[in-house]
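# Coordinates in review
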Amino acid sequence: MEGYAYRQYEEAAEALRARLGGFAPRVLLILGSGLGELGGQVENPIAVPYGDVPHMKQSTAPGHEGRFLFGTLAGRKAAVMQGRLHAYEGWSFGDAAFPVRVARLLGADTLVVTNAAGAVNKGYSVGDIMLISDHIKLFADSPLQGPNAEEFGPRFPDMSHIYTPALRDSAREIAKEQGITLREGVYMYFPGPQYETPAEVRAARLLGADAVGMSTVPEAIAAAHCGMSVLGFTLCTNMAAGVLDQPLDGEEVIAAGQAAGPRFAALVKACLACMA
Ligand code: HPA
C-alpha cells in the first residue's frame, strides 16, 4: 500500500485555499447516507466537487453528492462533505481519510462524522440516533498504513479516546434538552458492500458492537492520529441482518435516513453551536 505523500495533502489544501478566499474551516462535518440534506443549511456556501481537489478520489455511492460545501453552519466555520469515500467503492482507507488530513491542513481541529448503520443492539429501534463511544475494526486496513507522515502524527498512535469524551458529554446534554432519544454505543466496521450475514451480526454483538456499518472508521482513525477531536453519530436506518425476520434493502436505508433528517440535523447543528 503506497498511501499519499505529505506533499499531496498540501497540494490539495493549497488548491482549496485558492478557492476559499481566506475562509478557514474549523470543523469538518462528514454527512453520511441520506444525511446530505444538512448541507442545504450551510450559509454562503462555496461548493467544491471532489473532482476539483487534486489527488482526491470520487464519491460514487447512492445518496452521496460528492462535494465539499465550505461555509458557516450553526455559527461554526465548517467544511461539509456531502458524501464520503468508502472501501466498497474500491477506494483504500487512505483514500477515504484523505479529506480529513486536507481539512486539518486547512485549519480544522474537529471532525464531526455521521453515518447510517444497522442496529445490532436489540434494545434499539429503527430511526434511533447513536452517539459513537468507540469502534471495532478488527482486521481490515488502516488509513495509516504505508510510510508514516510524521507531520500528522506518530507511527503508533494511541486510540484510547478517539471519540472525544467532552464532546460526547455535551452531545448527551443537548439531546436531553431537545428531547431526542440518544443511544450511545460501539460502531463496528464491516467493509461491505454486501450487508452482514446474521452470523456476522451475532458475532458483532458478542464482541460488544451496538451497530454495524461500512464507513466512518477510516476517517476517525486519521483524525485521531493528527490530533483532531472527534464526535460521531450513527443513524440506525434498519435493524442489522437477522435481528428481524426480513431482508435488508438499500432503498429503505436511504429513506430512513431522510425521515430522520430534521431530528438528526437539529442535533448536529446544536452540537456545532455548542463548540463555538
Ligand atoms: N449494515 C451495514 N451498513 C449499513 C447498514 C447495515 O445494516 N444499514 C445502513 N448501513
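Each remark here, short or long, concerns the structure printed above.
Below is a summary of the structure that appears in this document. Since we're looking at a predicted model, the values are computed, not measured.

Let us look at helix α3 (residues 165-178). End to end, α3 covers 20 Å across 14 residues, agreeing with the expected 20 Å (1.5 Å per residue, within 8%). The set of residues buried in α3 consists of L167, R168, A171, I174 and A175. Within α3, the buried residues cover an arc of 125 degrees as seen down the axis, which keeps them to one side. Those residues of α3 that are exposed and angled more than 90 degrees off the buried face are A166, E173, K176 and E177. Downstream of α3 by one or two residues, G179 has phi in the positive range, about 70 degrees.

This part is about the pattern of salt bridges. Under the defined criterion, the tally for this structure stands at 10 salt bridges. The salt bridge involving E14 is made with R17; its shortest N-O contact spans 2.7 Å. Linking E14 with R17, this pair stays in helix α1 (residues 6-20), spanning three residues, or about one helical turn. The partly exposed category is assigned to E14, whose relative accessible area is 47%. A relative accessible area of 37% places R17 in the partly exposed class. Here D128 ties to R183 by a salt bridge, and the two come within 2.8 Å at their closest N and O atoms. Taken as a pair, D128 in the loop between β5 (110-119) and β6 (129-136) and R183 in strand β7 (residues 182-189) lie far apart in primary sequence, 55 residues in all. Residue R183 is classed as partly exposed on the basis of its relative accessible area, which comes to 26%. Residues joined by salt bridges that share partners form a network here, namely R168, D169, R172 and E184.

Moving on: the site of the ligand. Around the ligand, the neighbouring residues are A116, A117, G118, Y195, E196, V212, G213, M214, T237, N238, L248 and V253. Here a nitrogen atom of the ligand sits 3.3 Å away from a polar atom, N or O, in the main chain of A116. The side chain of N238 places a nitrogen or oxygen atom 2.6 Å from a nitrogen atom of the ligand. Considering the ligand on its own, with 260 Å² of exposed area, one finds that the protein chains cover 95% of that surface. Of all elements in the fold, only β5, β8 (211-213) and β9 (229-239) reach the threshold of two or more residues within the shell around the ligand. Of the residues forming the shell around the ligand, the biggest block, three residues, is contributed by β5.

In this section: the nonpolar core. Where a protein is soluble and globular, its nonpolar side chains tend to be buried together. Ranked by size, the top nonpolar core spans 52 residues in total, and within it L28, F68 and F70 carry the most contacts. Residue contributions to this core peak at eight residues, all from helix α2 (residues 93-106). Sequence-distant contacts of F70, defined by excluding residues within four places in its chain, comprise L16, L20, F23, P25, V42, N44, P45, I46, V48, A78, A79 and L106. Listed in part, the 30 residues of the second largest apolar core include L35, A260, F264 and L272.

Definitions and cut-offs
Residues numbered from 1 in each chain as written. Predicted model: local features only at pLDDT ≥ 70, side-chain atom pairs only at ≥ 80, totals over all residues. Heavy atoms only, no water. Helix = DSSP H or I, 4+ residues; strand = E, 2+ residues; numbered from the N terminus. Expected span 1.5 Å × (residues − 1). Buried < 20%, exposed > 50% of the residue type's maximum accessible area, 1.4 Å probe, protein only. Arc of directions from axis to C-beta. Salt bridge = Lys/Arg side-chain N within 4 Å of Asp/Glu carboxyl O. Near = heavy atom within 4 Å. Polar contact = N/O pair within 3.5 Å; in protein donor to acceptor, adjacent residues only side chain to side chain. Areas by Shrake-Rupley, 256 points an atom, 1.4 Å probe, with all protein chains shown as cover. Core = buried A, V, L, I, M, F, W, Y, C linked by side-chain atoms within 4.5 Å. Contact = heavy atoms within 4.5 Å.

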